[in-house]
Amino acid sequence: MKTLRFAAIAALALACTTPLAAQELPIRSAELVEVGMIRIDDGHFGDYAAFLNDQWRKDQEYALKQGWISGYEILSNEFPRAGEPDIYLLIRYPSIPDAAEQKKRQDAYLGYMQTSMQKQEAGSAERAKYRKVLGSMLLRRWVWTK
């Protein structure tokens, strides 16, 4: 009898529950965070810091004023192990633009900076003499809904 009663209660509970997909989640997706992972050769931290302060910062401030990004920051790895980055460059995006919007933004950026993709590539090649891009990640930030 107890088994039958338990089975009836379990069946009733199962029938009354809302499927997980129909329930509101306690979190929702928010901005995207691009994380660049950079290793800097010994003796060149000042060189890379100068680039970050000049060109990278100017790039990010322009994108921020345009509303293309919602923020940016630099984090350092205080105790890097072999093969780990020294610096993490974070850029926060409210959304990822489609191809047409990306082209529009690139053209606006190149015009504002009075540069070209060839000059941008040459600058990157010059920095490659003392810094290595170990990779990048695109992460999604989640926020509480309740």
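Definitions and limits used
Residues numbered from 1 in each chain as written. Predicted model: local features only at pLDDT ≥ 70, side-chain atom pairs only at ≥ 80, totals over all residues. Heavy atoms only, no water. 1 Å grid on protein atoms, 1.4 Å probe; cavity = no way out; pocket = protein on both sides within 12 Å on 5 of 7 lines; lining within 4 Å. Points joined across faces, edges and corners; volume = space filled by probe spheres on them. Helix = DSSP H or I, 4+ residues; strand = E, 2+ residues; numbered from the N terminus. Nonpolar A, V, L, I, M, F, W, Y, C, P; charged D, E, K, R; others polar. Patch = residues over 30% accessible without salt bridge, like charges linked within 9 Å, V, L, I, M, F, W, Y side chains within 5 Å. Areas by Shrake-Rupley, 256 points an atom, 1.4 Å probe, with all protein chains shown as cover. Salt bridge = Lys/Arg side-chain N within 4 Å of Asp/Glu carboxyl O. Buried < 20%, exposed > 50% of the residue type's maximum accessible area, 1.4 Å probe, protein only. Contact = heavy atoms within 4.5 Å. Phe/Tyr/Trp six-rings, centres within 6.5 Å; stacked < 30°, edge-to-face > 60°. Axes fitted to C-alpha atoms, helices over the stretch in contact; angles between N-to-C directions. Parallel < 35°, antiparallel > 145°, perpendicular 65-115°, else oblique. Left-handed = near helix turned anticlockwise from the far one by under 90°. Pairing = 2+ DSSP bridges.

Would you mind showing me how to read the layout of surface pockets here?
Vacant regions in the atomic arrangement are exposed by a probe of water-molecule size rolled over the atoms. The volume enclosed by the largest pocket comes to roughly 1,200 Å³. Among the secondary structure elements, those contributing two or more residues to the lining of the largest pocket are β1 (27-40), α2 (45-66), β3 (87-93), α3 (99-113), α4 (117-127) and β4 (131-144). When residues of the lining of the largest pocket are assigned to their parent elements, the largest contribution, 9 residues, is made by α2. Considered class by class, the residues forming the lining of the largest pocket number 16 nonpolar, 11 polar and 8 charged.

Got a minute to help me understand a nonpolar patch on the surface in this structure?
Taken together, the side chains of Leu-25, Ile-27, Trp-142 and Trp-144 make up a nonpolar region of the molecular surface, amounting to roughly 480 Å² of accessible area. Mapped onto the secondary structure, Ile-27 falls in strand β1. Using a relative accessible area of 31% as the deciding quantity, one classes Ile-27 as partly exposed.

I tried to follow the environment of Ser-76 on my own but got confused; where do I start?
For Ser-76, the position within the fold is in strand β2 (residues 71-76). The partly exposed category is assigned to Ser-76, whose relative accessible area is 42%. A sequence separation of 11 residues divides Ser-76 from Ile-87, and the C-alpha atoms of the two residues are 4.5 Å apart. Contact partners of Ser-76, with chain neighbours within four places excluded, come to Asp-86 and Ile-87.

Please clarify how the packing of aromatic side chains should be interpreted in this entry.
Aromatic ring pairs are defined here through the distance separating the ring centres and the angle between the ring planes. Across all of its chains, the model carries 6 aromatic pairs by this definition. Note on Tyr-48 and Phe-51: the rings are 5.5 Å apart at their centroids and 35 degrees apart in plane angle, and the pair reads as tilted. Of this pair, Tyr-48 and Phe-51 both sit in helix α2, 3 residues apart, which is roughly one turn of the helix. Its relative accessible area of 15% is what places Phe-51 among the buried residues.

Sorry if this is basic, but what is going on with the pattern of salt bridges here?
Side chains that carry opposite charge are capable of pairing whenever their charged atoms lie near each other. All chains considered together, the criterion is met by 9 salt bridges. Of the charged contacts, one joins Glu-101 and Arg-105 as a salt bridge, the two residues approaching to 3.0 Å between their closest N and O atoms. One end of the pair, Glu-101, and the other, Arg-105, are both in helix α3, 4 residues apart, so they sit about a helical turn from each other. A salt bridge links Asp-107 to Lys-103; its shortest N-O distance comes to 2.8 Å. Here Lys-103 and Asp-107 lie together in helix α3, a separation of 4 residues that amounts to about one turn.

Which parts of the structure should I look at to understand the packing of α2 against α3?
Interhelical geometry of α2 versus α3 gives an angle of 130 degrees and a closest axis separation of 11 Å. The orientation of α2 with respect to α3, classified from their angle, is oblique. For α2 against α3, the interelement crossing comes out right-handed. From α2, Gln-55, Lys-58, Asp-59 and Tyr-62 reach across to α3, where they touch Ala-108, Tyr-109, Tyr-112 and Met-113. Among the residues making up the contact of α2 with α3, the classes are represented as 5 nonpolar, 1 polar and 2 charged.

Sorry if this is basic, but what is going on with the pairing of β3 here?
On any regular strand, side chains alternate: one points to one face of the sheet, the next to the other face. The buried fraction of β3 is high, at 5 of 7 residues. When β1 meets β3, the two strands line up antiparallel, connected through 7 bridges. Each residue of the ladder has a partner; that of Ile-38, found in β3, is Ile-87. Pairing of β2 with β3, which is carried by 6 bridges, proceeds in the antiparallel orientation. Looking across to β3, one finds that Tyr-72 is bridged to Ile-91.

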